Amino acid sequence: MHQLLRTRVNDFAVKLANVNGTGSASANGLLMQAIFRMGIPVSGKNLFPSNIQGLPTWYEIRVNKDGHTARALDYDLMVAMNSQTYERDVREVREGGYILYDSSWPLDKSLIRDDVTYLGVPLAQLCNDHFKDPRERILMKNIAYAGAMIAALNVDMEIVTALLDEKFSSKKALRESNLRALSLGYDYAKKYFDCPLPFSLERVDTTADKILIDGNTATALGCVYAGATVAAWYPITPSTSVMDAFKSFCDQYRKDPETGKNNALIIQAEDELSAIGMVIGASWTGARAFTSTSGPGISLMGELLGLAYYAEIPAVVIDVQRVGPSTGMPTRTQQGDILACAYASHGDTKHILLFPSNPAECFEFAVKAFDLAERFQTPVFMLSDLDIGMNDWVVPRLNWDDAYRPDRGRVLDLEQIQKLSKFLRYSDQDENHITSRTLPGVTSKGAFFTRGSGHNKFGGYTEMPDEYQEVVERLLLKHKAAAKFVPAPIIQRKAGARVGIVTLGGCDPAVREAIELLPQRGIEADFMRIRGFPFPEEVEAFLNAHDVNFIVEQNRDAQLRSLLALETGVPKDKLRSVLAFGGFPLSAKNVLDGILEQVGEPTHAVHR
């Protein structure tokens, strides 16, 4: 018996191949949510094209009882619904796997493999027989294949029905049509196939204290909790849903209960340069303001980011990274903006960066970004990515400390200003090289002209070298001081570890899984996930403690490795790159192969 045919519970991967624009997202999301509500650790990766419809789209569901959520590359079941990608989809099924397809039309003989099992369901024919509207037939075909999968995988039908009740509580006709389509696929599979398949689902309670949420929604919620009241933006994939969610939350929580008027201002600007200008202006007046964007937007914001850095004005930028350069691939994930954000704008600039690894940290770090921006009076970037931002992740339930109070930094109030003989904007630095600022309108004594041009420590215009250098050298010291305030790296050590493995952001699940598998190849590895820049001192200490550190990231040019080489004293020969930058989320196999190739080990036997 092939090992795949042995009974496996809550441990398999499914890939659903479809055509964009046919409504498959509803069916795929229904399956994902149902599995989660069964208490089973699950992850979903939506691999969709940047056009509206017509091109291939895939959705991957990984079920893993041990909680591994990185992308799987070996698929036990392929749902092949796109004839244009049949050849590729059939090829990707692992030996002994299954292929579910629409048998309304026969498969070409070239697509038949002897080592897999084909589950033919006449989906189009079933829907044509039971639905009249042409568009409804297309949409319901996806729900019908979901019904077949529910039978094949032993998904709890009561949970599925409850989900439909919630979704269509006010649309009885849609609820009934979805239930009818589900029944078509479910009943056919039950009648003609051995259900469930050798790999299937059983209810557990592993996710009882967890939620299913995407990073962009969690980010928006974090901005609300942080006290953000102004947001300016220009729509761009994959960050648009940050602002969509923020607006939705503001509609609920940013309205005056007595007057019904908005207590927040959300502006769609004409471009990203205008958006960051509005954020800087609002922050200068004392509001907590932010913008959400992606790589192309960062490029356009450069000039005004330099103004905020040099004039020392808070600003929060949420960067949901995608594939570049230029337009690149808007709906593919990457970590290609690290250096662009670290040194954004011309001249000598260095910015504070935060690197969340999942939606829970998006929520936490969004709040942290505003505190850091106001404490250090500077732009702060939170670098998420498309995989974190637009895919659903299972994370611990979000917790909030009601005792939290915003860190507004060194803002002088009326009483403090009146005690001064004269307000000098850039002269009274504290132990972190931060000077006091004032808000406009408090008193004319605290007013000053904010300069993006050469200025001295008193806030006056200058072109004298020593006066200019004094200011920008303090800015550098201020940036270095922020290393003690950014989130500390996550470090895990193993006895006898031979190497260090370093990563950031959404690479975390794949790297952690790879580290668990490396001992099978005789390699013990310590782990570090960097969460902020400037780098806390623990980062350099970890790197120096190992002869070799593998830096795992998703870009071509090894940007994290470059930043580590530039900003620490660690010798370059201690830093080796493991890179995956094609646009799909990282898998443990990507990491394993990248490491084993460099240490001379075979890679062919590594799965998942």
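Coordinates for the structure precede this section.
Residues numbered from 1 in each chain as written. Predicted model: local features only at pLDDT ≥ 70, side-chain atom pairs only at ≥ 80, totals over all residues. Heavy atoms only, no water.

**A closer look at the overall build of the chain**
Helix and strand counts for the chain stand at 19 helices and 22 strands. The C-alpha atoms of the chain give 27 Å as radius of gyration, which agrees with the globular expectation for 608 residues (25 Å, within 12%). Here the C-alpha coordinates of the chain stretch approximately 90 × 65 × 40 Å along the principal axes. Split into buried and exposed, the 608 residues of the chain put 56% on the buried side. Accessible surface, the chain: about 25,700 Å² in total, of which carbon and sulfur atoms supply 50%. With 65 positive and 75 negative side-chain charges, the chain shows a spacing of 2 Å between the two charge centroids. (Helix = DSSP H or I, 4+ residues; strand = E, 2+ residues; numbered from the N terminus. Rg over C-alpha atoms; globule rule 2.2 N^0.38 Å. Buried < 20%, exposed > 50% of the residue type's maximum accessible area, 1.4 Å probe, protein only. Areas by Shrake-Rupley, 256 points an atom, 1.4 Å probe, with all protein chains shown as cover. Lys, Arg positive; Asp, Glu negative; His and termini not counted. Charge placed at Lys NZ, Arg CZ, Asp CG, Glu CD.)

**What to know about the sheet that holds strand β3 (residues 42–47)**
Taken in spatial order, the six strands line up as β3-β4-β2-β5-β6-β7 in an open sheet, and their pairing is mixed. Each having just a single partner strand, β3 and β7 (117–121) make up the two edges of the open sheet. Averaged over neighbouring strand pairs, the angle between their axes works out to 15° when direction is ignored. Strand direction decides the pairing type here: strand β2 (residues 11–19) and strand β4 (residues 56–64), joined by nine bridges, are antiparallel. (Pairing = 2+ DSSP bridges. Axes fitted to C-alpha atoms, helices over the stretch in contact; angles between N-to-C directions.)

**Thoughts on the side chain of Glu 553**
By secondary structure assignment, the location of Glu 553 is in strand β21 (residues 549–553). Of the buried charged residues, Glu 553 lacks a salt bridge, with Arg 561 as the closest side chain of opposite charge at 7.1 Å. Within the structure, the side chain of Glu 553 is placed 2.6 Å from the backbone nitrogen of Leu 560, a separation counted as a polar contact. Apart from the residues within four sequence positions on either side, Glu 553 is in contact with Gln 335, Ile 338, Leu 504, Cys 507, Ala 558, Gln 559, Leu 560, Arg 561, Val 578, Leu 579 and Ala 580. (Salt bridge = Lys/Arg side-chain N within 4 Å of Asp/Glu carboxyl O. Polar contact = N/O pair within 3.5 Å; in protein donor to acceptor, adjacent residues only side chain to side chain. Contact = heavy atoms within 4.5 Å.)

**Concerning the pattern of salt bridges**
Summed over the entire model, instances satisfying the criterion amount to 36 salt bridges. In this structure, the salt-bridge partner of Lys 457 is Glu 470, at a minimum N-O distance of 3.7 Å. One end of the pair, Lys 457, is in the loop between α14 (414–418) and α15 (465–481); the other, Glu 470, is in helix α15, and 13 residues separate them in sequence. Residues participating in the shared-partner salt-bridge network are Lys 15, Glu 60, Arg 71, Arg 88 and Glu 92.

**Brief notes about the packing of helix α4 (residues 134–153) against helix α6 (residues 172–192)**
Contact pair α4 / α6: the axes reach a minimum separation of 6 Å and the direction vectors enclose 45°. The angle between α4 and α6 places the two elements in the oblique class. Viewed along their axes, α4 and α6 form a crossing whose handedness is right-handed. Contacts between α4 and α6 involve Glu 136, Met 140, Ile 143, Ala 144, Ala 146, Gly 147, Ala 148, Ile 150 and Ala 151 on the former and, on the latter, Ser 177, Asn 178, Ala 181, Leu 182, Gly 185, Tyr 186, Ala 189 and Lys 190. Here the contact of α4 with α6 is built from residues that sort into 11 nonpolar, four polar and two charged. (Parallel < 35°, antiparallel > 145°, perpendicular 65-115°, else oblique. Left-handed = near helix turned anticlockwise from the far one by under 90°. Nonpolar A, V, L, I, M, F, W, Y, C, P; charged D, E, K, R; others polar.)

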